[in-house]
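Okay, here's what each chain looks like letter by letter:
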Amino acid sequence: MNSILQQDLNDFENILEKAKQQGIGFLNNLENIPTSNKNTIDPNRDLNELGLGSLEALKEFNERLAPLLVSSPGPRYWGFVTGGSTPASIVGDWLASVYDQNAQAIKAQGGVSALIEFETIHLLLQLLELPTSFLGGFVTGATMSNFTCLGVARQWFGNQLGKDFAKNGISEKINILTATPHSSSIKTLAMLGIGSQNYTTIKTIEGNREAIDIADLEQNIQTLNGKPFILISSAGTVNTADFDDFTAISKLKEKYKFWWHIDAAFGGFAAVSDKFKHLTEGWEGADSITIDCHKWLNVPYESAFYLIKKEHTNLQVETFQNSNAPYLGNPLENFNYLNVLPENSRRLRALPVWFSLLAYGKKGFQDIIETSVSLAQLFGNELLKDGNFELLAPIRLNNVCFTLKGDHNQEKVSQFLTALNDTGKVFMTPTVYQNRKGIRASFVNWRTNENDIKTVIDEMKVILSQLN
Ligand SMILES: Cc1ncc(COP(=O)(O)O)c(C=O)c1O
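Reference entry: report on the structure contained in this document. (Residues numbered from 1 in each chain as written. Predicted model: local features only at pLDDT ≥ 70, side-chain atom pairs only at ≥ 80, totals over all residues. Heavy atoms only, no water.)

What follows concerns the sheet that holds strand 9 (residues 399-404). Spatially, the four strands line up as an open sheet ordered 8-9-11-10, and their pairing is antiparallel. Edge positions in the sheet fall to strand 8 (389-391) and strand 10 (429-433), since each of these pairs with one other strand and no more. Sheet twist, expressed as the mean angle between neighbouring strand axes with direction ignored, is 45°. (Pairing = 2+ DSSP bridges. Helix = DSSP H or I, 4+ residues; strand = E, 2+ residues; numbered from the N terminus. Axes fitted to C-alpha atoms, helices over the stretch in contact; angles between N-to-C directions.)

So, in structure tokens, the structure goes:
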């Protein structure tokens, strides 16, 4: 064995202890670590001939890199839709690295890992009150979940025309209908060879809504004259957390032939609370659903899952099977995750979610979701009370989409947001909503509380006074 590796092996416990202390130091100080950082590194570091050993590498990490890392799991990181990581999820994540299993097959190496993944999906279906008619699996994020679901939808579309697109490539125009898709679904259309411009935009409901107009949807369906299509719908649009009417879409599904996909990356968690589950009513009729765990489930990054109806498992295998690897066996007889999703080798990605669900149960997540929504409402009320801001849309769930009051202030929005983010006290993201420049604050982090709202509102007042 290489001598540095031997030295690390002998000192393993001490090394892990130091890494633990490092982690605790970061997590216990999240409140004070800035949410943005302008310093950078020169990324052209030379590779050493002889390794440093883990402790020296940790020392360099502390000196050069750690001071630049931002408080993204902290309570005032409201940009994008960014969850934090709970204690249980970190335990699961660390142990997934320690055990380093390949989560693939049931009857092979890492077999129990696949069963743990099944068990975790089973727990998630209970959390979300969804039926067991879905088969689920873990991928890195909602983008890859949309890719997985729409990949099978593409195969379904071909199948309706008697074609096998997975084997022979796409030979027909694929009809896609959607109203307010997340950019990742459009990126997925590019990755799947469908084309990022090849979709029909359905109107949204009149007024300040991003949800699909069901009458316009039906009219567009009728112009297809019975041809199959794929509908991409939303449970929680990223700007204003709007939801399509799933009960109405279910009724259309009784009349027309289509694959129904729901991007529920964060909005799916509305189903966990009695107060908000009406928003997802009817979603169990979908063919596929995307849900992100590194958002409202508050597990570390690279965690999302897809749910695809079991009746489509053959199409899923056709799409993702390793067809030239006979040693892997018949994909329909021996279930193996590598034949139903994009990656082959994968870490035990279910473990952080498994730990979280066991540790906090349904009540824990109900509390996180309901607290996030009341904090979004509190923040919105404080903005209105201040008088210098206006909401671009009503607060439907956990996202606050707002701007500086008055059209004459539109050029100042970016300047205001940059100055605010530069304080390092809070991080929000810019957006454009109904042709107006705006700002989004998304509440999903389990640590955020009312004091954070006060801190941010105070900071916003200071920045405004400096701008005027
Ligand atoms: C509705 C929706 N779908 C998909 C995504 C993409 O998620 P990810 O970055 O985890 O791939 C997001 C991210 O904010 C989202 O809000």
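There is more to say after this.
Attention now goes to the site of the ligand. Residues in close proximity to the ligand total 14 residues, the closest being Thr-143, Asp-263, Asp-292, His-294 and Lys-295. At 2.5 Å, a side-chain N or O of Thr-143 approaches an oxygen atom of the ligand. Relative to its unbound accessible area of 400 Å², the ligand is 83% covered by the protein chains. Its residues assigned to classes, the shell around the ligand shows five nonpolar, six polar and three charged. (Near = heavy atom within 4 Å. Polar contact = N/O pair within 3.5 Å; in protein donor to acceptor, adjacent residues only side chain to side chain. Areas by Shrake-Rupley, 256 points an atom, 1.4 Å probe, with all protein chains shown as cover. Nonpolar A, V, L, I, M, F, W, Y, C, P; charged D, E, K, R; others polar.)

For helix 13 (residues 412-422), every residue scored as buried is listed here: Val-413, Phe-416, Leu-417, Leu-420 and Asn-421. One side of helix 13 holds all its buried residues, which, seen down the axis, span an arc of 125°. If you follow the buried residues of helix 13, they end up packed against strand 8, strand 9, strand 10, strand 11 (436-442) and helix 14 (450-467). Looking one or two places after helix 13, you find Gly-424, whose phi comes out positive at around 75°. (Buried < 20%, exposed > 50% of the residue type's maximum accessible area, 1.4 Å probe, protein only. Arc of directions from axis to C-beta. Contact = heavy atoms within 4.5 Å.)

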